[in-house]
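Residue-level structure breakdown
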Amino acid sequence: MAVATTEAAGAKHNIEGARQAYYDKISKYHLAPLWEVLRGLVTPEPKTQMVPTLWKFPEVEKLMLEAGDVITAEEAERRVLVLENPGDPGKSRITNSLFAGIQLILPGEVADAHQHVASAIRFVLKGNGAYTAVEGEKSMMEHGDFIITANWAPHDHGNPGKEPVMWLDVLDMPTINHFQASFAHHFDEKMQNVDHEDGDSFERFATGVLPDGMPAIQNRSPVINYPYKKMKPILDRLKKTGDVDKRFGARVRYANPINGGPVLPTMGANLALLPKGFKGEPYRSTDGMVFAVAEGQGKTIVDGKALDWNVNDVFVVPPWKRYHHEVTGSGDAVLFSISDRPAQEALGIWREGH
């Protein structure tokens, strides 16, 4: 019996040795055996190295203001602290497909005009008096505003006000870089010419009428700023009429008013009111979700891990992780969220579950 066992072990060793010799041989021709890696490539369910993570705004704010002493907006081009997912450090991304960061602009500063292929959104966290200029519209920034900078749209930021202003940036840079399709351009002028007043695109396109001559289909919204002061009353009406989803609360989707589709082809966003005492039902989907807290206090349980959040905190739920929200404060809570769902839906790969 012992002899047979030894012979079997020797035969196995010989087979493994022969295979390794073969693998070494084919590697010289830039070939590799699929059968050695197939199970890791074609998985029964989504696998991710990303982990649920929460960034507390008081901590980030303090560090952001320190950055204001370390480097100017002009020197940095964009003074941003990257929200790096600790599951994938050094990659400048919060999910596999999205970049996120907190940007600061101090009174009197200008972040010069440029354009890039990556689409971007801004969700304003704290401060008043700053603006983002996009495609000729100068949009003033207030807490909770959702501002879009589409693919290749010229844009710059400025702060003629009296206080620091901070916002959440989310861009599809990892997606663009996955396709190795990144382009960018810097303008000679620090600020673009502005020929549309604040709120022009919202009033022009998002009030139930459209200008004659508008294309029937656009793959991104023509609206630059979805102001929080106009979005929040819609959530209040949904709550009042009982239109509260058991998973998401009273939730709206930011939409392209031309065709009802997502605001951008690669990113889609929502705003949700969670009533006082809300305890959501479990949910999961294949799009990793970035959240920012506009109002209230609560916690999100992600695969058993509690993320306790407050106003202006940012947190991420990785793909296919089961989660639910709970409101723990004395009033309602409002959560902004953004993900790559439109891109996944366009590819036919998006799924959801409980």
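A quick note: this is a predicted structure, and the numbers were derived from the prediction, not measured. (Residues numbered from 1 in each chain as written. Predicted model: local features only at pLDDT ≥ 70, side-chain atom pairs only at ≥ 80, totals over all residues. Heavy atoms only, no water.)

This part is about empty space enclosed by the protein. A probe matching the size of a water molecule, rolled over the atoms, marks out where space remains unfilled. One pass over the structure, following the stated rule, counts two cavities of 30 Å³ or more. Lining the largest cavity are Phe248, Arg251, Ala272, Leu274, Met289, Phe291, Tyr323, His325, Leu335 and Ser337. Mapped by element, the contributors of at least two residues to the lining of the largest cavity are strand 14 (268-274), strand 16 (289-295), strand 20 (323-327) and strand 21 (333-339). Of the residues contributing to the lining of the largest cavity, the split by class is seven nonpolar, two polar and one charged. Put simply, the second largest cavity is a space of about 30 Å³. Looking at the second largest cavity, the residues that line it are Trp55, Phe57, Val60, Leu83, Ile102, Asn312 and Val314. For the lining of the second largest cavity, the class distribution of residues is six nonpolar, one polar and no charged. (1 Å grid on protein atoms, 1.4 Å probe; cavity = no way out; pocket = protein on both sides within 12 Å on 5 of 7 lines; lining within 4 Å. Points joined across faces, edges and corners; volume = space filled by probe spheres on them. Helix = DSSP H or I, 4+ residues; strand = E, 2+ residues; numbered from the N terminus. Nonpolar A, V, L, I, M, F, W, Y, C, P; charged D, E, K, R; others polar.)

This part takes up the sheet that holds strand 19 (residues 314-317). Sheets are built from strands that pair by backbone hydrogen bonding, the pairs being arranged parallel or antiparallel. Overall, antiparallel pairing links the six strands, which are arranged 1-19-16-21-14-13 in an open sheet. The open sheet is flanked by strand 1 (53-55) and strand 13 (250-253), the only strands paired with a single partner. Looking at each pair of strands side by side, their axes are set apart by 20° on average, direction ignored. Pairing between strand 16 and strand 21: five bridges, direction antiparallel. Across the sheet, residue phenylalanine 291 finds its bridge partner in strand 21, namely serine 337. (Pairing = 2+ DSSP bridges. Axes fitted to C-alpha atoms, helices over the stretch in contact; angles between N-to-C directions.)

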